[in-house]
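Each chain, letter by letter, is given below.
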Amino acid sequence: MLRLILAALFAIFLSPPVLADQTDTRLDPLFADLKSAASAAEARPIEREIWAIWSQHGSDAEIDLRFQRGVFLMNAGRLEQAIGIFRTILEVDPDFAEAWNKRATLLYLTGDLAGSVRDIERTLALEPRHFGALSGLGLIYEQIESADGAIKAFTAALEINPHMPWIVERLDALEELKAGKPL
């Protein structure tokens with residue numbers, strides 16, 4: 001029994017840390033499952049699992065704790081404090097795509113659209129399949145009244161995750177707008 005315990009401890013402490021961010025190997029099959037899901041209801045748990053993986057740094061517990069604190073502050077409406085948390089995370093690890101995405105969301109909420117776009121671009125450079133960042137980009141293009149930009153961003157998001165009905169609705173409305181029909 002002692003040998004089994006020692007072997008387990010040996011394996012735990014000497015195995016490489018599990019990364020759980022945009023580089024996680026579990027993402028490829030999840031994205032394939034997401035695309036082939038038969039319905040939004042079937043896609044929802046897959047989407048949640050992708051978000052969970054993106055939201056974990058995995059190799060730095062301090063970053064994971066800061067990330068959770070930043071999300072808490074964001075959800076509590078303490079946007080400037082949350083921006084500070086994500087800024088600190090990105091100083092430590094500028095390759096953590098979901099930290100860029102969270103800060104992009106916060107910058108959008110505070111009205112800094114240019115800053116949000118910069119952070120979305122960084123998110124997409126690190127994780128080109130980030131349907132959340134693409135949909136956020138579509139919202140920004142809508143806000144600045146660029147129907148073509150919004151359509152392009154929303155369409156790209158749907159190519160990755162075809163199970164976002166609110167985006168389909170936005171695309172329909174944008175197409176009607178482009179055709180000269182009132183919304």
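Up top is the structure.
Notes on the structure in this doc start here. (Residues numbered from 1 in each chain as written. Predicted model: local features only at pLDDT ≥ 70, side-chain atom pairs only at ≥ 80, totals over all residues. Heavy atoms only, no water.)

### Concerning the packing of helix 8 (residues 131-143) against helix 9 (residues 147-160)
Thinking step 1. Relative to each other, helix 8 and helix 9 sit at 165°, their axes nearing to 7 Å. Judged by the angle between their axes, helix 8 and helix 9 are roughly antiparallel. Handedness of the helix 8/helix 9 crossing: left-handed. Where helix 8 approaches helix 9, its residues Phe131, Leu134, Ser135, Leu137, Gly138, Leu139, Tyr141 and Glu142 are matched on the opposing element by Gly149, Ala150, Ala153, Phe154, Ala156, Ala157 and Ile160.
Thinking step 2. For the contact of helix 8 with helix 9, a count of residues per class yields eleven nonpolar, three polar and one charged. (Axes fitted to C-alpha atoms, helices over the stretch in contact; angles between N-to-C directions. Helix = DSSP H or I, 4+ residues; strand = E, 2+ residues; numbered from the N terminus. Parallel < 35°, antiparallel > 145°, perpendicular 65-115°, else oblique. Left-handed = near helix turned anticlockwise from the far one by under 90°. Contact = heavy atoms within 4.5 Å. Nonpolar A, V, L, I, M, F, W, Y, C, P; charged D, E, K, R; others polar.)

### What about the packing of helix 4 (residues 61-75) against helix 5 (residues 79-92)?
Thinking step 1. The contact between helix 4 and helix 5 brings their axes to 8 Å, and the two run at 160°. Between helix 4 and helix 5, the angle falls in the class roughly antiparallel. As for how helix 4 packs across helix 5, the hand of that crossing is left-handed. For the pair helix 4 and helix 5, the contacting residues are Ile63, Arg66, Phe67, Arg69, Gly70, Val71, Leu73 and Met74 in the first and Leu79, Gln81, Ala82, Ile85, Phe86, Thr88, Ile89 and Val92 in the second.
Thinking step 2. A per-class count over the contact of helix 4 with helix 5 returns eleven nonpolar, three polar and two charged.

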